[in-house]
Amino acid sequence: MDFIISIVPLLVAWGLDILLGDPAWLSHPVIWFGRAISICEHKFNRGSRRRYKGGVTAVVLIALTYLLTWWIIRLVSPYAWLDIIVSTVMIFFCLAGTTLIHEVIMVFKAVDISIENGRIQVGRIVGRDTGSLSANEIRTAALETLAENLSDGVIAPLFWYAVLGIPGMMAYKMVNTLDSMIGYKNDRYRDFGMVAARIDDAANYIPARLTALLMILVSGRMNLLSFVRRYGSQHASPNSGYPEAALAGILDCRFGGPHDYFGECVYKPFIGETERDFNYADVLKATAINRKVEIAAIIIIVAIKYLSLL
């Protein structure tokens, strides 16, 4: 019975993510995280010692997120059903698999209507400038994001759930939100966001490589291990290259190249060997891999829970 109770929140939350994604009508904690980060950034990202102030901001926000989550769970723990409900909701908030899949599929559908529609749609999920992207560059950006965010949006939260429970999972979401908002190497954020970016790199080190391994396993392409080892480290990020390399190998394609961020051209080394155009079959194959990886990760965590209770 203890085993069943321990896995119910995880399984129900995952099921809710599959059914609902991130409903627009639901106030998501990431919105609150973003507001807190924005307030701190406007208050402290000025004057001298910006790196120090940014580092303190990041550490304090992450610690507060962990402690607040821990306190809430402890508060409701004497009430079994309330504990299950609160835990389920928190885990649900931390998973972002379905929304990402839907957004990427919408990019492929939009670009088939017009390049302008595709640029607008892909701009919802990528940080790069999209105004001059070609149709194939739009599809490429969407697939790169699909691979990268399989790690950030699903596997990394589940990893930290397995290691530190729901407080760790929620703290990871704060880490990821900090990096997405202030972890850029431009004039405004280079100093203030440096520590946040480094924490994000550390938090994603194992999950990114685990994501790539799971992608290879579920695809049945174990020969891609050497491919991922070769290209995974080519990315500017110490982590993003690994799931991108896995997907590039599975789709037999090439990612990377020059991209514009905030008006500046950033060159990303190529990941993969085959330069080709993408079609709708590619996004269906890629999203199917994402779903299989989610299933594999859930099975692993359930197995870990079961073994821990023996």
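Here, every reference points to the structure presented above.
To keep things clear, this report deals only with the structure shown in the data block. (Residues numbered from 1 in each chain as written. Predicted model: local features only at pLDDT ≥ 70, side-chain atom pairs only at ≥ 80, totals over all residues. Heavy atoms only, no water.)

## A few points about the nonpolar core
Basically, it comes down to this: For our purposes a nonpolar core is just a set of buried Ala, Val, Leu, Ile, Met, Phe, Trp, Tyr and Cys residues, chained together by side-chain atoms within 4.5 Å. Any residue under 20% of the maximum accessible area for its type is buried, any over 50% is exposed, and the rest in between are partly exposed; the area is computed with a 1.4 Å probe on protein chains only. Starting at the N terminus, helices and strands are each numbered in turn, a helix being any DSSP run of H or I of at least four residues and a strand any DSSP run of E of at least two. Note on contacts: a residue pair is in contact if any heavy atoms of the two residues lie within 4.5 Å.
In this structure, Val122, Leu143, Leu158 and Leu178 are the most contacted members of the largest nonpolar core, which totals 85 residues. The greatest single-element share of this core, amounting to 23 residues, is contributed by helix H7 (residues 135-182). If we ignore the near neighbours within four places in the chain, the residues touching Leu178 are Ile37, Ala58, Leu61, Ile62, Gly183 and Ala196.

## Comments concerning the side chain of Arg139
Counting through the fold element by element, Arg139 comes out in helix H7. By relative accessible area, Arg139 is classed as buried at 12%. Look past the residues within four positions of Arg139 in its chain and what remains in contact with it is Phe108, Val111, Asp112 and Phe278.

## Focus: helix H3 (residues 50-76)
The criterion, for reference: Expected span of a helix, by definition, is 1.5 Å for each gap between consecutive residues, and there is one gap fewer than residues.
A rise of 1.5 Å per residue sets the reference length of H3, with its 27 residues, at 39 Å; its end C-alpha atoms lie 39 Å apart and thus fit the reference within 8%. Buried within H3 are the following residues: Gly54, Gly55, Thr57, Ala58, Leu61, Ile62, Thr65, Thr69, Ile73 and Val76. Looking at the buried side of H3, the elements it contacts are helix H2 (29-44), helix H4 (80-94), H7 and helix H8 (194-219).

## Re the packing of H7 against H8
We apply this condition: To get an axis, a line is fitted to the C-alpha atoms, and for a helix only the part in contact is used. The angle between two axes follows their N-to-C directions and goes from 0 to 180 degrees. In these notes the angle categories are as follows: under 35 degrees is roughly parallel, over 145 is roughly antiparallel, 65 to 115 is roughly perpendicular, and the rest is oblique. Rotating anticlockwise by less than a right angle from the far helix to the near helix defines a left-handed crossing, while the corresponding clockwise rotation defines a right-handed one. Classification used: nonpolar for Ala, Val, Leu, Ile, Met, Phe, Trp, Tyr, Cys and Pro, charged for Asp, Glu, Lys and Arg, polar for all others including Gly.
One way to put it is that H7 packs onto H8 with a least axis distance of 9 Å and a crossing angle of 120°. Classified by the angle their axes make, H7 and H8 are oblique. As for the relative orientation of H7 and H8, their crossing is left-handed in sense. When its residues are assigned to classes, the contact of H7 with H8 shows 19 nonpolar, four polar and three charged.

## Regarding the side chain of Ser87
Threshold: For this analysis, a polar contact is any N or O atom pair within 3.5 Å, provided that within protein one partner can donate a hydrogen and the other can accept it, and provided that sequence-adjacent residues contribute only side-chain to side-chain pairs.
Along the chain, Ser87 turns up in helix H4. Polar side-chain contacts of Ser87 include one of 2.8 Å to the backbone oxygen of Asp83. The residues touching Ser87, leaving out its near neighbours within four places in the chain, are Pro9 and Ile166.

## Some details on the pattern of salt bridges
Let me state the cut-off plainly: Salt bridges are identified by distance alone: a Lys or Arg side-chain nitrogen within 4 Å of an Asp or Glu carboxyl oxygen.
Throughout the structure, instances matching the rule amount to 10 salt bridges. In this structure, Arg124 and Glu103 form a salt bridge, with 2.5 Å as the shortest nitrogen-oxygen distance. With Arg124 in the loop between helix H6 (115-122) and H7 and Glu103 in helix H5 (residues 97-113), the pair connects residues that are 21 residues apart, well separated along the chain. The residue Asp112 makes a salt bridge to Arg139 at a minimum N-O spacing of 3.1 Å. Taken together, the residues Asp112 in helix H5 and Arg139 in helix H7 connect sequence positions 27 residues apart.

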